[in-house]
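Summary of structural features
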Amino acid sequence: MTTATVPATAEGSPALAGPVRPSPLPVFRHLFTAYVRTWRGSVFSSFVLPVMFLVGMGLSVGSYVDKAGSLGYPYLDYIAPGLLASTVFQVAFNESTYPVAAGFLWLRTFHAMRASPLRPADILGGEILYIWLRAGASGAGFLVVMTLFGTVHSPMALATIPVSLLLAVASATPVLAYSATIKHDAMFAILFRFLVIPATLFAAVFFPVEQLPAAARWLAYLSPLWHGVELTRAATLGTPTALGWMWHVVFLAAWAVVGSLIARRQFNRRLTD
Amino acid sequence: MAEEPLIHARGLVKRFGEVRGRAKRGREVFTAVDGIDVDVQRGESFGFLGPNGAGKSSTMRMIGCVSPPSAGTLRILGLDPIHDGPRIRARLGVCPQQDSLDLDLSVTENLLVYAGYFGIPRAMARPRAAELLEFVQLTDRANDRVEPLSGGMKRRLTIARALVNEPDLVLLDEPTTGLDPQARHLVWERLFRLKQRGVTLVLTTHYMDEAEQLCDRLVVMDKGRIVAEGSPRSLIEAHSTREVLELRFGGEALEPLAGKLAGIGERVEVLPDRILVYADDGDAATAAVHQRGLAPSSVLVRRSSLEDVFLKLTGRTLVEEKG
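In this text the structure is predicted, and so the values were computed from the model without any measurement. Numbering of residues begins from 1 in every chain and follows the order in which that chain's sequence is written. Here the convention is simple: chains get letters from A, ligands get numbers from 1, in the order in which they are written. Selection of residues for local features in this predicted model requires a pLDDT of at least 70, selection of side-chain atom pairs for listing and counting requires 80 or more, and totals for whole chains, interfaces and linings are taken over all residues.

**What to know about the overall build of chain A**
Just so we agree on the cut-off: In DSSP terms, a helix is any run of H or I states spanning at least four residues, a strand is any run of E spanning at least two, and both are numbered starting from the N terminus. Three exposure classes are used, based on other C-beta atoms lying within 10 Å of a residue's own C-beta, which is placed from the backbone: buried for 20 or more, exposed for 12 or fewer, and partly exposed in between. Throughout, a residue-residue contact means that the two C-beta atoms, derived from backbone geometry, are no farther apart than 7 Å.
A count of helices and strands for chain A gives 10 helices and zero strands. Its helices and strands in sequence order give chain A the pattern α-α-α-α-α-α-α-α-α-α, from N to C terminus. Based on the C-alpha atoms only, the size of chain A along its principal axes is roughly 80 × 40 × 35 Å. Across the 273 residues that make up chain A, the buried fraction comes to 48%. Taking the contacts inside chain A whose residues are at least 6 apart along the sequence as the reference set, 80% of them involve residues at least 24 apart.

**Focus on unusual backbone geometry**
In most cases, non-glycine residues show a negative phi, while peptide bonds are predominantly trans. You will see that A:R108, though not glycine, has its phi angle at about 65°, which is positive. Structurally, A:R108 can be placed in the loop between α3 (98-106) and α4 (109-114). Judged by the 18 C-beta atoms lying within 10 Å of it, A:R108 is partly exposed. Not every positive phi belongs to a glycine, and B:Q137 is a case in point at roughly 60°. The residue B:Q137 is located in the loop between α4 (122-135) and α5 (151-162) in this model. Note on B:Q137: 17 C-beta atoms within 10 Å, which makes it partly exposed.

**Here's the deal with the pairing of strand β14 (residues 275-279) of chain B**
Residue and element names in this part refer to chain B. In plain terms, the rule: Note on pairing: DSSP must find at least two bridges between two strands before they are called paired.
Of all five residues in β14, five are buried; the element is thus mostly enclosed. Burial of β14 is two-sided: the residues I275, V277 and A279 facing one way and the residues L276 and Y278 facing the other way are all buried. Looking at chain direction, strand β12 (residues 243-248) and β14 are connected through five bridges and run antiparallel. Within the sheet, the bridge partner assigned to V244 lies in β14 and is Y278. In terms of strand pairing, strand β13 (residues 267-270) meets β14 through four bridges, oriented antiparallel. Note on β14: the bridge partner recorded for E269 is L276. Connecting β13 to the next strand, β14, in antiparallel fashion are four residues.

**Overview of the sheet that holds strand β9 (residues 200-205) of chain B**
All names here are of chain B. Going by this rule: Every axis corresponds to a line fitted to the C-alpha atoms, with the helix fit spanning only the stretch in contact, and the corresponding angles, defined between N-to-C directions, vary from 0 to 180 degrees.
Pairing in this open sheet of six strands is mixed, and the strands run β7-β8-β9-β5-β10-β11 from one edge to the other. Because the sheet does not close on itself, it has two edges, and the strands there are β7 (92-95) and β11 (225-230). Each neighbouring strand pair of the sheet contributes to a mean axis angle of 15°, computed without reference to strand direction. Taken together, the five bridges between strand β8 (residues 169-173) and β9 define a ladder with parallel strand orientation. Bridging across to β9, L171 finds its partner in V202.

**Some thoughts on helix α3 (residues 107-117) of chain B**
Along α3(B), 11 of the 11 residues are buried, which leaves the element largely enclosed by surrounding structure. Restricting attention to buried positions, one finds in α3(B) the residues B:V107, B:T108, B:E109, B:N110, B:L111, B:L112, B:V113, B:Y114, B:A115, B:G116 and B:Y117. Looking at the packing, one finds that the buried side of α3(B) touches α1 (25-68) and α4 of chain A together with α4 and α5 of chain B. In the stretch just after α3(B), B:G119 is the one whose phi turns positive, near 75°.

**Looking at the packing of α1(A) against helix α2 (residues 75-96) of chain A**
All names here are of chain A. Condition: Roughly parallel means an angle under 35 degrees; roughly antiparallel means over 145; roughly perpendicular covers 65 to 115; every other angle is labelled oblique. Take the far helix as your reference; a near helix turned counterclockwise from it by less than a right angle gives a left-handed crossing, and one turned clockwise gives a right-handed crossing. Residue type decides the class: Asp, Glu, Lys and Arg count as charged, Ala, Val, Leu, Ile, Met, Phe, Trp, Tyr, Cys and Pro as nonpolar, and the leftover types, Gly among them, as polar.
For the pair α1 and α2, the least separation of the axes is 9 Å and the interaxial angle reads 150°. Taken together, α1 and α2 sit at an angle that is classed as roughly antiparallel. The hand of the α1/α2 crossing is right-handed. Here S46, P50, F53, L54, M57, G58, L59, V61, G62, V65 and D66 of α1 lie close against α2, whose contacting residues are Y75, L76, I79, A80, L83, T87 and V91. Grouping the amino acids of the contact of α1 with α2 by side-chain chemistry returns 13 nonpolar, four polar and one charged.

**Some points on the interface of chain B and chain A**
How big an interface is tends to be reported as the loss of accessible area on association of its parts. Each side of the interface is counted separately: chain B has 40 residues, and chain A has 38 residues. Mapped onto the side of chain B that touches chain A, the elements with two or more residues apiece are α2 (85-89), α3 and α4 of chain B. Its residues assigned to classes, the side of chain B that touches chain A comprises 19 nonpolar, nine polar and 12 charged.

**Considering the environment of B:R25**
Residue and element names in this part refer to chain B. Inspection of the secondary structure puts R25 in the loop between β3 (22-23) and β4 (30-40). Its 6 C-beta neighbours within 10 Å are what place R25 among the exposed residues. Separated by 173 residues in sequence, R25 and G198 place their C-alpha atoms 47 Å apart.

**Topic: α4(B)**
Residue and element names in this part refer to chain B. Rules: For a helix, the expected span equals 1.5 Å multiplied by the residue count minus one. The arc in question is formed by the directions pointing from the helix axis toward the C-beta atoms.
End to end, α4 covers 19 Å across 14 residues, agreeing with the expected 20 Å (1.5 Å per residue, within 8%). Burial in α4 covers these residues: A125, R128, A129, L132, L133 and F135. The buried residues of α4 occupy an angular sector of 140° when the element is viewed end-on, so they sit on one face. With respect to the buried face of α4, the exposed residues turned more than 90 degrees away are A123 and P127.

**Description of the sheet that holds strand β15 (residues 298-303) of chain B**
Residue and element names in this part refer to chain B. Strand order in this open sheet of four strands is β13-β14-β12-β15, and the pairing throughout is antiparallel. Across the chains shown, the open sheet's two edge strands, defined by having one partner strand only, are β13 and β15. Each strand axis lies, on average, 20° off the axis of its neighbour in the sheet, ignoring direction. Packing against the sheet, helix α10 (residues 282-291) makes contact with β12, β14 and β15, and its axis sits at approximately 35° to β12.

**Here we look at the packing of α3(B) against α5(B)**
All names here are of chain B. Between α3 and α5, the least distance of the axes is 10 Å, while the angle of their chain directions is 30°. Judged by the angle between their axes, α3 and α5 are roughly parallel. Helix-helix and strand crossings are classified by hand; for α3 and α5 the assignment is right-handed. Along its contact with α3, which presents V107, N110, L111 and Y114, the element α5 presents L157, A160 and R161.

**Here we look at the pairing of β11(B)**
In the sheet, strand β10 (residues 217-222) of chain B pairs with β11(B) via five bridges, with the strands oriented antiparallel. Residue B:L218 lies in a different strand from β11(B), and its bridge partner there is B:G230.

Right, here's the structure in full:
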């Protein structure tokens with residue numbers, strides 16, 4: 001029988017760490033450690049699938065749309081930035097739902113973090129950093145594919161990366177706030193069906209919102225996705241945006257700020273009793 | 001010698017279902033902890049013993065600085081849990097009742113990411129993790145994913161995780177609940193070793209044998225209050241007799257039989273499936289039972305335990321009767 005060394009002492013050893021500085025970085029590092037183990041599975045949904053959409057819709061449907069010639073540029077080039085933004089939007093949504101519910105409910109990893117010096121806001125911050133990584137990487141990967149397909153018409157296309165990060169945090173934080181309140185996951189499927197899919201279909205990813213009836217158009221204007229699509233498309237095509245880029249940025253930033261504040265409150269509530 | 005206790009509580013109260021002292025609309029206020037006084041000194045092994053719902057876990061969560069007290073005084077490591085939560089938690093080791101390991105990560109990765117929460121650099125965390133895995137006898141599983149591990153292994157890993165920051169105070173909420181007897185003994189043995197090394201342990205349990213083995217001192221809790229305090233031995237001496245006679249009578253109704261036992265020993269308790277006779281001399285009491293012409297189907301003489309203390313103090317058993 002081996003004798004293991006003393007794991008802790010009566011005197012209370014000098015702290016292993018320096019002064020207590022709670023930060024979101026250890027949470028991000030934890031999530032990243034888990035991602036390194038499981039990244040292969042995510043490549044399909046956040047990369048291969050959107051590229052299939054691009055090829056399928058852009059080239060096939062595009063060949064009919066382009067005959068009419070009403071867009072001013074190839075349909076492939078039109079939907080590619082839309083698909084980039086909608087991919088970022090869906091990655092942000094997905095990462096804010098089941099994995100977060102697992103942290104609160106199933107794995108209870110957030111409760112383990114809470115027992116350490118970390119504060120609920122650090123846990124939220126770590127989640128947002130991780131979502132940025134996932135959404136940013138998906139957006140960047142898609143941009144490379146777009147370039148290979150020759151759909152990028154402006155050096156401004158690089159702006160899609162910061163736009164993706166802004167869109168990701170604007171879409172993720174309200175969902176994070178919601179995920180911190182639930183007791184079971186039944187609503188996620190409903191949210192996906194009634195928010196994510198309609199947003200993807202009607203927020204100018206595949207066709208301009210002007211095609212929508214006026215009432216539905218306003219719903220598109222409210223969704224962060226439409227603003228993200230406008231900015232992304234303007235960046236890759238080198239065209240102007242619907243409202244002027246500043247307004248789209250302000251709108252997304254407002255979603256992000258309000259979403260973060262509510263999410264922080266809900267994380268605090270959920271992890272304090 | 002006047003060192004401040006690691007835990008100091010006076011009139012500590014936890015109520016649920018209220019906001020800023022007022023009942024939430026449509027919710028009844030529930031008092032989980034109802035004014036308890038506790039002091040835990042460095043190097044002690046201290047226990048909260050009580051049935052489910054006694055307020056043990058609520059107390060532990062207040063001590064763990066994740067649940068603000070509703071009233072009363074609470075100081076942990078000489079600090080205020082409301083204002084110094086992160087500073088206190090940096091020096092606590094918490095083993096929660098429900099597992100909270102990341103099942104997708106390996107055993108070692110779980111320790112490394114957890115060390116990260118405390119700001120411990122990887123270079124320091126690696127040897128520390130290896131040392132702790134040795135201590136909880138999981139070295140051979142160090143690189144395995146956590147998910148397929150047995151319940152006992154997961155619990156041992158959780159205990160190792162709680163030690164990663166070399167805590168001043170280790171909190172264990174029901175450390176062996178849900179484990180099979182063999183796994184439980186292995187956990188007890190590890191915790192006993194920690195205790196021997198002078199680590200301050202605070203644990204909750206509803207198993208009297210766990211409390212007897214691990215606690216220098218304990219409080220018995222019932223319905224949010226402390227009903228007795230002392231070492232396991234002193235509690236037994238103060239609240240029970242030296243021995244207990246357990247009588248079973250097949251299918252017979254026990255209440256009428258209890259009347260016939262009156263006067264034997266100090267006290268008679270009727271449980272759903274058996275009668276307990278409290279007497280300092282169990283054999284003499286057995287003889288007295290037979291003298292009265294009673295024929296129990298089984299007779300067992302045993303020493304008094306904390307279970308008997310609890311029964312005496314609350315009129316109820318700690319663990320649900322299995323019948």
